[in-house]
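Residues per chain are reported as follows:
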Amino acid sequence: MPSAIPQNGSALHEEPKPWDPDHLRTRFVQALSEMYRTEVPLYGKLVDVVNQVDTTTLQSRGQSLNDLPSRFQLERHGAIRLGTQQEMRMISRLFAVMGMFPVGYYDLKMVGFPLHGTAFRPQTEESLRKNPFRVFTTVLRPDLISSPKVREMATSILSTRQLFSSRLIELIDQAETSALANLTAEDANNLIIESLKIFKWHSRSSVPLETYLTLKKEHPMVADIVCFPSAHINHLTPRTLDIDAVQAGMISQGLPAKDRIEGPPKRKCEILLRQTSFKALEERVSFAGDADHAIDGTHTARFGEVEQRGAAVTRKGRELYDALLAKAVGRSEKEDKDSDKVLKEVFAEYPDDWEVLRKEGLVYFRYRVAEDKAPVAGTHKLEGSVHINKLLKEGVVTCEPITYEDFLPFSAAGIFTSNLGGEKDGGTERKLQRTEEESKRSRVQLEGLLGRKIPSEIDLYDELQTDSVKECQALLGLSEIVLGA
Ligand code: OOG
Ligand code: NI
């Protein structure tokens, strides 16, 4: 396994320590990506399409792949669905060893799934710069399964599942308690190998076909979670520079692309996240039959996804996004029009100019003292309290939008739904109305389980922006830099 990731100029050159969390995360995502490529060959094809598109996009800008910040070259996200609270607790301990911590609460009850979860991801600017790999991780909420019989069936099957090998648990214990220095490079290799087992696909179900069908009828997600011995990764998602070109590329190369891109429409100033996928394939599965006779069946779960990431928006920016999205969905349902066209029309209301987005407080920015200005800090004519607009105008400070590192539950639902194999007759889905109050309660439950508060992603972006302003303040020797109106 390669010990160093491809880096561009500014990156580290010394050999990272084997137990460095950022390094472990990078090795892990590389190994996971390799495994998924062999399990789902279409994912390999998708990665090829992304590389072609990005190369072409960069060429048109007079650049090559090597000019991209290193994080781009290995950037991915994945998703897993867990069955029990114990599994969630243990995965959070494993991810912490790889420098990934819960960010954001996602109540998927709002989109009709008996699940809730969080994104495990790096939180610091430095770790994100090295490798922002994140895993959208959900856990089943048996209380949301409407049939008592199915609920009992699901919990009893899950109660005997062992996702984590004893070697892995031992390594996690050690990483948490002893000085990391005591762990060797070989231990690190084992951690990766043992971790992959959690995410690996098993074509042999742990239940009889009849049980699978009962669970699937209740909700396909429940069957996907309960009937297999692992928490197979259900997709892996590379980042691209031009998702419209990847969508077209998938279609022209015969990949079963979903018909539309989720998220905001194409814009000059990309915000949040745009995603599309190729549809999950029907895979052969053998189910436990009578007297050791396996019965053949199929399961639809695993797919490949691609995303284009834009800027992180403020609370105000998010409210505007949610409101416009709801309006667009409502209009295209009512008017039965091409939803992409409606989306574009409705989003004309969302400013599409960085300067306006910044001044209106819709997007978060990372501020920096301009390179040639830092040495003269303190000697320039500015003192006391200065407005950021003045510093930007005079070229003392520069800014760039902060990248959105998280997820969008409505987009997730769009992707989920196109990958469920069309099952919609379940008992659970229709009943999942949720209230804000309930959502708060379930969030607290998940936090209790993880033993820590789940920060809101927006608060983290706010902090990054504020820290960058403070850094400028200190470098320029100002008492205050004023943001906002
Ligand atoms: C999670 C889907 C969420 C995304 O990109 O929005 C996600 C799942 O399918 O379990 O990965
Ligand atoms: Ni995804």
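How each quantity is defined
- Residues numbered from 1 in each chain as written.
- Chains lettered and ligands numbered in written order.
- Predicted model: local features only at pLDDT ≥ 70, side-chain atom pairs only at ≥ 80, totals over all residues.
- Heavy atoms only, no water.
- Helix = DSSP H or I, 4+ residues; strand = E, 2+ residues; numbered from the N terminus.
- Rg over C-alpha atoms; globule rule 2.2 N^0.38 Å.
- Buried < 20%, exposed > 50% of the residue type's maximum accessible area, 1.4 Å probe, protein only.
- Contact = heavy atoms within 4.5 Å.
- Areas by Shrake-Rupley, 256 points an atom, 1.4 Å probe, with all protein chains shown as cover.
- Lys, Arg positive; Asp, Glu negative; His and termini not counted.
- Charge placed at Lys NZ, Arg CZ, Asp CG, Glu CD.
- Pairing = 2+ DSSP bridges.
- Axes fitted to C-alpha atoms, helices over the stretch in contact; angles between N-to-C directions.
- Nonpolar A, V, L, I, M, F, W, Y, C, P; charged D, E, K, R; others polar.
- Near = heavy atom within 4 Å.
- Polar contact = N/O pair within 3.5 Å; in protein donor to acceptor, adjacent residues only side chain to side chain.
- Phe/Tyr/Trp six-rings, centres within 6.5 Å; stacked < 30°, edge-to-face > 60°.
- Donors = N, O, S within 2.8 Å, 3.2 Å for Na, K, Ca; no water.
- Expected span 1.5 Å × (residues − 1).
- Core = buried A, V, L, I, M, F, W, Y, C linked by side-chain atoms within 4.5 Å.

Peer 1: Describe in detail the overall build of the protein chain, supporting the description with residues and values.
Peer 2: Scanning the protein chain for helices and strands turns up 18 helices and 14 strands. Its C-alpha radius of gyration of 24 Å places the protein chain within 12% of the 23 Å reference for a compact globule of 485 residues. By principal-axis analysis of the C-alpha atoms, the protein chain measures approximately 85 × 65 × 45 Å. Expressed as a percentage of its 485 residues, the buried residues of the protein chain come to 54%. Taking the contacts inside the protein chain whose residues are at least 6 apart along the sequence as the reference set, 76% of them involve residues at least 24 apart. Carbon together with sulfur atoms contributes 52% to the accessible area of the protein chain, which is approximately 21800 Å² in total. In the protein chain, which carries 64 positive and 71 negative side-chain charges, the distance between the mean positions of the two groups comes to 2 Å.

Peer 1: Hey, could you go over the sheet that holds strand 2 (residues 101-107) for me, with residue numbers and the actual values?
Peer 2: Across the sheet, seven strands lie side by side as 2-3-4-1-6-10-7; this open sheet has mixed pairing. Edge positions in the sheet fall to strand 2 and strand 7 (273-278), since each of these pairs with one other strand and no more. Going from strand to strand, the sheet's axes swing by 20 degrees on average, the running direction of each strand aside. Here strand 1 (residues 76-82) runs beside strand 6 (residues 235-238); their pairing, made up of four bridges, is antiparallel. What sits directly across from H77, in strand 6, is T237.

Peer 1: Explain the packing of helix 1 (residues 21-39) against helix 2 (residues 41-60) residue by residue, including any values.
Peer 2: Running from amino to carboxyl end, helix 1 crosses helix 2 at an angle of 115 degrees, the nearest separation of the two axes being 4 Å. Of the residues in helix 2, those touching helix 1 at S33, Y36, R37, T38 and E39 are P41, Y43, G44, V47 and D48. Tallied by class, the residues present in the contact of helix 1 with helix 2 amount to four nonpolar, three polar and three charged.

Peer 1: Could you give me a rundown of the site of ligand 1, with the residues and numbers involved?
Peer 2: Around ligand 1 lies a shell formed by H77, A79, R81, F136, N234, H235, Q275, E305, F407, A412 and F416. Within the contact set of ligand 1, an oxygen atom lies 3.0 Å away from a side-chain nitrogen or oxygen of H77. A distance of 3.0 Å is found between an oxygen atom of ligand 1 and a side-chain nitrogen or oxygen belonging to E305. For ligand 1, the protein covers 100% of the area, taking 310 Å² as the surface of the free molecule. Counting residues per element, the ones that place at least two in the shell around ligand 1 are strand 1 and helix 16 (409-417). Broken down by element, the shell around ligand 1 gets its largest block of residues, three residues, from strand 1. Tallied by class, residues from the shell around ligand 1 come to five nonpolar, four polar and two charged.

Peer 1: Please set out the pairing of strand 6 residue by residue, giving values where relevant.
Peer 2: Neither face of strand 6 is open: one carries H235 and T237, the other L236 and P238, and all of them are buried. Strand direction decides the pairing type here: strand 6 and strand 10 (residues 303-309), joined by two bridges, are parallel. Each residue of the ladder has a partner; that of L236, found in strand 10, is G304.

Peer 1: Residue-level account of the packing of aromatic side chains, with values.
Peer 2: According to the stated counting rule, one finds 16 aromatic pairs in the structure shown. Between F95 and F120, the aromatic rings sit 5.2 Å apart at their centres with planes inclined by 50 degrees, giving tilted as the arrangement. On the criterion of sequence distance, the pair formed by F95 in helix 4 (residues 85-97) and F120 in strand 3 (residues 115-121) is long-range, its members being 25 residues apart. Under the relative-accessibility criterion, F95 is labelled buried at 0%. Classification of F120 as buried rests on a relative accessible area of 0%. Between W201 and F228 the ring centres are 5.2 Å apart and the planes differ by 35 degrees, which places this aromatic pair in the tilted class. Residue W201 is found in the loop between helix 8 (185-199) and strand 5 (204-208), and its partner F228 is found in the loop between helix 10 (220-226) and strand 6; the two are separated by 27 residues along the sequence. Taken together, the ring pairs in this structure connect F28, F95, F120, F133 and F199 into an aromatic cluster.

Peer 1: Please give an account of the coordination of the nickel ion (ligand 2) that cites residues and values.
Peer 2: For the nickel ion (ligand 2), the full set of protein donor atoms is H77 (NE2), H235 (NE2) and E305 (OE), and the range of their distances to it is 2.1 Å. Given a relative accessible area of 1%, H77 falls into the buried group.

Peer 1: Which residues make up the pairing of strand 11 (residues 365-369), and what values do they have?
Peer 2: Counting buried positions over the five residues of strand 11 gives four, a clear majority of the element. Relative to strand 13 (residues 397-401), strand 11 is paired through five bridges, and the arrangement is antiparallel. Bridge pairing links R368 to T398 in strand 13.

Peer 1: An account of helix 4 is needed here, citing residue identities and associated values.
Peer 2: Between the first and last C-alpha of helix 4 there are 19 Å, a value that for 13 residues agrees with the 18 Å anticipated at 1.5 Å per step. Taken as a whole, helix 4 has its buried residues at E87, M88, M90, I91, S92, R93, L94, F95 and V97. Just downstream of helix 4 lies G99, where phi reads positive at about 75 degrees.

Peer 1: Residue-level account of the nonpolar core, with values.
Peer 2: Side chains of a nonpolar character, in soluble globular proteins, are inclined to be buried together. Judged by nonpolar contacts, the single largest core of 59 residues is most densely connected at W19, L32, M88, I91, L191, I198 and F199. Beyond its immediate chain neighbours, meaning those up to four positions away, I198 contacts I91, L94, L163, F164, L168, S230, A231 and H232. By size, the runner-up hydrophobic cluster in this structure holds 40 residues, among which are A311, V363, I388 and C472.

Peer 1: Pulling in residues and values, what's your account of helix 18 (residues 457-476)?
Peer 2: The end-to-end C-alpha distance of helix 18 is 29 Å, a good match for the 28 Å that 20 residues give at a rise of 1.5 Å each. Within helix 18 the residues assigned to the buried category are E457, I458, L460, Y461, Q465, S468, V469, C472, Q473 and L476. At the exit of helix 18 stands G477, carrying a positive phi of roughly 65 degrees.

Peer 1: Help me get a handle on the side chain of Q473, residues and values and all.
Peer 2: Note that Q473 resides in helix 18. In this view, Q473 contacts L478, S479, E480 and I481; residues no more than four positions away in its chain are not counted.

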